[in-house]
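Chain and residue survey
Spelled out, the chains give:
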Amino acid sequence: MTYWLMKSEPDVYGIHDLARDQTELWDGVRNYQARNFLTRMAVGDLAFFYHSNTKPPGIVGLAKIVEANVVDPTQFDPAHTYYDPKSSPEKPRWRTVVVGYVETFATGITLDQLKDTFAPEDLWVVRRGNRLSVMPVADAVAERILAMARSA
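What counts and how
Residues numbered from 1 in each chain as written. Predicted model: local features only at pLDDT ≥ 70, side-chain atom pairs only at ≥ 80, totals over all residues. Heavy atoms only, no water. Pairing = 2+ DSSP bridges. Helix = DSSP H or I, 4+ residues; strand = E, 2+ residues; numbered from the N terminus. Axes fitted to C-alpha atoms, helices over the stretch in contact; angles between N-to-C directions. Contact = heavy atoms within 4.5 Å. Polar contact = N/O pair within 3.5 Å; in protein donor to acceptor, adjacent residues only side chain to side chain. Buried < 20%, exposed > 50% of the residue type's maximum accessible area, 1.4 Å probe, protein only.

1. Remarks on the sheet that holds strand S1 (residues 3–8)
In space, the 6 strands of this open sheet follow the order S2-S5-S4-S3-S1-S6, with mixed pairing throughout. On the outer flanks of this sheet lie strand S2 (23–25) and strand S6 (134–137), each paired with one strand and no other. For this sheet, the mean inter-axis angle between neighbouring strands, taken without regard to orientation, is 35 degrees. Seen against the sheet, helix H5 (residues 139–151) touches S1, strand S3 (46–51), strand S4 (58–71), strand S5 (95–110) and S6 and runs at an angle of roughly 45 degrees to S5.

Here's what the structure looks like:
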């Protein structure tokens, strides 16, 4: 099992939405590095659900990868925000995953708490200027995050 961190704005799609829906296609990623991380995910991997662009930003729960290497259908829809005219069903450029709800943490772990606990080389989300919406999390770091969430 590998750990990941996936960002979403809570007013667009938050952990409460995933709790309600139970599973969701993680569509709309249009950054090549983030896309490449999505293609490395496997069924059973766990992802920290991070609320971004909110006060305070931070990790609010946990999701599980339930389907991997899924073609993102939004790239083919000209009416969709994430339409990519250079992509075709024969040669899709964007792949994603389906995530499943695992849990909402009783108390979120704020970005400030993460910065106080982890160095930028250990947890990418605390790096200055990092804007990736999907990133890997090392096992040892993931275990510490889970301990922080469970001790709150």
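On we go from here.
2. Structural notes on the side chain of Asp84
Within the secondary structure, Asp84 sits in the loop between S4 and S5. One polar contact links Asp84 to Arg93, side chain to side chain, over a distance of 3.3 Å. Contact partners of Asp84, with chain neighbours within four places excluded, come to Gln75, Arg93 and Trp94.

3. Overview of unusual backbone geometry
The step from Lys55 to Pro56 runs through a cis peptide bond, and the omega angle for that step is -10 degrees. Looking at the secondary structure, you find Pro56 in the loop between S3 and S4. The residue Gln22 is not glycine, and still its phi comes out positive at about 75 degrees. Residue placement: Gln22 occurs in the loop between helix H2 (15–21) and S2. Even without a glycine there, the phi angle at Asn69 is positive, about 55 degrees. With respect to the element layout, Asn69 can be found in strand S4. The class for Asn69 is partly exposed, based on a relative accessible area of 45%.

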